[in-house]
Amino acid sequence: MLEQLLIFTRGGLVLWSSCRAFGNALKGSPIDALIRSCLLEERSADSSFSHESYTLKWAFHNELGLVFVAVYQRILHLLYVDDLLSLVRREFSAVYDPKRTVYDDFDETFRQLQMEAEARVEEMKKLKQSGRAPPVQSKKGGAGQRALTGSQGNGTKKGSGGGSTKDDSDGDTGNGRLVSNGVENGAKGSNKSRVPSKGKENGAPDTGAFDVNKLKMRSKTGKKSDDDKKSGPTKGQPKKAVKKKRVWDDAPKEEPKLDFTDEKGDEGMEREVAVIRGESMMDKEEVISSESEGEEEDEVEGVKPGAKKKGWFTSMFKSIAGNNSLEKADLQPALKALKDRLMTKNVAEEIAEKLCESVANSLEGKKLGSFTRISSTVQTAMEEALLRILTPRRSIDILRDVHAAKEQGRPYVVVFVGVNGVGKSTNLAKVAYWLLQHDVSVTLAACDTFRSGAVEQLRTHARRLQIPIFEKGYEKDPAIVAKEAIQEAARNKSDVVLVDTAGRMQDNEPLMRALSKLINLNNPDLVLFVGEALVGNDAVDQLSKFDQKLADLSTVANARLIDGILLTKFDTIDDKVGAALSMVYISGAPVMFVGCGQSYTDLKKLNVKSIVKTLLK
């Protein structure tokens, strides 16, 4: 049973609700959760959203700025929801008037649409049970299945080789989205994935491909083809050069020095002390970023016209002629280029695809302005989406939170978690150094009782920074060590406790259980996930599994998940900054620190605008 169907504008004005019409009331606020966690976070490409005991599905009408949301119980599998949303979207957009705010006359229309959608699904179920798809479907069943579903869904539509006909539901056919209540979309998707393998839709197969026949001919006859003969002389030259170099009787040349320690001397020690006494990069404003952004904009403006010179006149002519209503087919080339660009910047493939689908959903049906190209419109929409995702939704001012905890008479506790070898202990020392510069007393807790040398490493940092450290050695319970460290810090009137934990892979069940116990027992103020900026697709797996394990292994109702992200090794990635986007998108947690070097001062904030410009460059 459908719990609620709600129609509202993008500004938040509710136009019609089935609760208002039929008296069904929802528990909690699932629609508010959908807006906060999905629509505002550019996750509208997902097929559904779950909140407590409800499942929500939605559709957009971008030209009118309307949002249609259907809510039903999670345990139910209502197959007609997608079809119903499409029908409601079509009928309501026909009667929509921006000046009206009440649509009581839509109640009867909704009843009829719901009955129609339910009857259509029941008919499809019966047809599917009576005549199942033959096993020849992989070769010729695609067109026949499309013809069958077309006759069921629209009555007059015939399968003509892959979607040349069009539904009258205002363009919302579900292409590119997983629809659970129709066979039509599944059949189209399966055929699209099968057909190009035989044809030339993926590009000319002869150009630059490896010819197996040549290899067979060579193995049989022992002769080289014409191409091999041409490349033969060029391959022989480097071999002769290599032979000339392998002369052992010549006098040995003077080898360069490999040990440079003697050249450093006392000057190196003075430089190291100067760095330790320097100001942390967290408190410095980035002056270079604005100049680099300007240069990047100039480069983009200078390169784009040359690179896309071919389609410039066509797109301009379309905008002048009035064919300026965007469809998904128009957006696909620009989105494909954007997806490839994001993946070259180390963004996880899954997230790049979802972002492009979300941008396509937000632009579909909108009208282009005069003299506006589709590529620039898509670029602007993606830039706004990335800014929304990377901008923190809450305050990340740790110093303010530290002073608030100090007024309550307790220390502020930060737990550093992450996989092995990402630099948790080093960046913990950087955070401690930054806090010391702001006159905040810090205590270190050596809770990595698993890795050999971890306590000694943290003890070295504490000695160099001249701050206290609480340690109990190895093979102790880290949760108990952290609890005693917090109690000791409270007795010594310490402001902050930085808890170092053992590195663990996200699939290591015993270590993840120990980490969950540490967090649940001590209830820290901040759980920081330390991750490398070098990872790509693995960032999604690490963060999602860390959050999932902490939620599954928690002993309390409201499980503590990851609150913030610390990105390390940011100075080694050049323009491959996509890991920041992947981690923020998958967890919803903001990037609070960025490690960009080996010294204590090499810690800074994330420049969101600079990251977005680099991603789209």
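Residues numbered from 1 in each chain as written. Predicted model: local features only at pLDDT ≥ 70, side-chain atom pairs only at ≥ 80, totals over all residues. Heavy atoms only, no water.

Peer 1: Honestly, the sheet that holds strand E9 (residues 496-500) in this entry has me stumped. Any pointers?
Peer 2: The 8 strands lie next to each other as E8-E7-E9-E6-E10-E11-E12-E13, forming an open sheet whose pairing is mixed. One side of each edge strand has no neighbouring strand; the edge strands of this open sheet are strand E8 (469-470) and strand E13 (603-604). Along the sheet, helix H15 (residues 398-407) contacts strand E6 (412-418), E9, strand E10 (526-532) and strand E12 (591-595); its crossing angle with E6, the most-contacted strand, is approximately 135°. (Pairing = 2+ DSSP bridges. Helix = DSSP H or I, 4+ residues; strand = E, 2+ residues; numbered from the N terminus. Contact = heavy atoms within 4.5 Å. Axes fitted to C-alpha atoms, helices over the stretch in contact; angles between N-to-C directions.)

Peer 1: How should the pairing of strand E7 (residues 442-446) be read in this particular structure?
Peer 2: As a general feature of sheets, a regular strand has side chains that alternate between the two faces. The buried fraction of E7 amounts to 5 of the 5 residues, a majority that puts the element mostly inside the structure. Pairing between E7 and E9: 5 bridges, direction parallel. Note that in E9 the partner of Val442 across the bridge is Val496. As paired strands, E7 and E8 are joined by 2 bridges and run parallel to one another. Opposite Ala445, over in E8, you have Phe470 as the bridge partner. This β-α-β element, E7 to helix H17 (residues 454-465) to E8, shows right-handed connectivity. (Buried < 20%, exposed > 50% of the residue type's maximum accessible area, 1.4 Å probe, protein only. Right-handed = clockwise from strand over helix to strand, strands pointing away.)

Peer 1: What is the right way to look at the UniProt feature "domain: SRP54-type proteins GTP-binding" (unreviewed entry) in the protein in this model?
Peer 2: Per the UniProt record, "domain: SRP54-type proteins GTP-binding" (unreviewed entry) is annotated on residues 590-603. Annotation note: span residues 590-603, helix share 0%, strand share 43%, distance between end C-alpha atoms 16 Å. (UniProt positions renumbered as here; feature names shortened; annotations may be inferred.)

Peer 1: Looking at this structure, how should I read the pattern of salt bridges?
Peer 2: Any two side chains of opposite charge can pair if their charged atoms end up close together. Summed over the entire model, instances satisfying the criterion amount to 26 salt bridges. Of the charged contacts in the structure, one is a salt bridge between Arg90 and Glu91, with a shortest N-O distance of 3.2 Å. A residue is classified by how much of its surface remains accessible, and Glu91, at 28% relative accessible area, is partly exposed. Here Asp401 and Arg400 are joined by a salt bridge, their closest N and O atoms 4.0 Å apart. In this structure Asp401 comes out as partly exposed when scored by relative accessible area, which is 26%. (Salt bridge = Lys/Arg side-chain N within 4 Å of Asp/Glu carboxyl O.)

Peer 1: So what exactly am I meant to see when it comes to the pairing of strand E1 (residues 2-9) here?
Peer 2: Of all 8 residues in E1, 8 are buried, a share of seventy percent or more. Examined bridge by bridge, E1 and strand E5 (residues 66-73) share 7 bridges and lie antiparallel to one another. Of the residues in E5, the one forming a bridge with Thr9 is Leu66. Where E1 and strand E2 (residues 14-17) come together, 3 bridges link them in antiparallel fashion. Bridging from a neighbouring strand, Phe8 pairs with Val14 of E2.

Peer 1: Would you take a moment to explain H17 for this structure?
Peer 2: Taking 1.5 Å per residue, 12 residues should reach 16 Å; H17 reaches 17 Å between its end C-alpha atoms and fits that length. Residues of H17 that are buried sit in contact with helix H16 (424-437), E7, E8 and E9. A positive phi of about 60° marks Gln466, the residue just after H17. (Expected span 1.5 Å × (residues − 1).)

Peer 1: Would you mind showing me how to read the side chain of Gln506 here?
Peer 2: On the secondary structure map, Gln506 appears in the loop between E9 and helix H19 (509-522). Of the residues examined, Gln506 reaches a relative accessible area of 3% and is grouped as buried. Once residues within four sequence positions are removed from consideration, Gln506 is found in contact with Val419, Met512, Asp538, Asp541, Gln542, Lys545, Phe546 and Lys549.

Peer 1: Explain the packing of aromatic side chains to me, please; I cannot follow it from the model alone.
Peer 2: A ring pair, where both rings are aromatic, is described by two values, the distance of the centres and the angle of the planes. Scanning the entire structure with this criterion turns up 10 aromatic pairs. Ring plane angle 20° and centroid distance 6.5 Å describe the contact between Tyr96 and Tyr103, whose orientation is recorded as stacked. Accessibility assignment for this pair places Tyr96 and Tyr103 in one class, buried. Taken together, the ring pairs in this structure connect Trp16, Phe68, Phe92, Tyr96, Tyr103, Phe106 and Phe110 into an aromatic cluster. (Phe/Tyr/Trp six-rings, centres within 6.5 Å; stacked < 30°, edge-to-face > 60°.)

Peer 1: Would you explain helix H14 (residues 374-390) in this entry?
Peer 2: Turn by turn, an α-helix covers 3.6 residues, leaving residues three or four places apart pointing in a common direction. The terminal C-alpha atoms of H14 lie 24 Å apart, and with 17 residues this matches the ideal 24 Å at 1.5 Å per residue to within 8%. Residues of H14 that are buried include every one of Ile374, Ser375, Thr377, Val378, Gln379, Ala381, Met382, Ala385, Leu386, Ile389 and Leu390, and no others.

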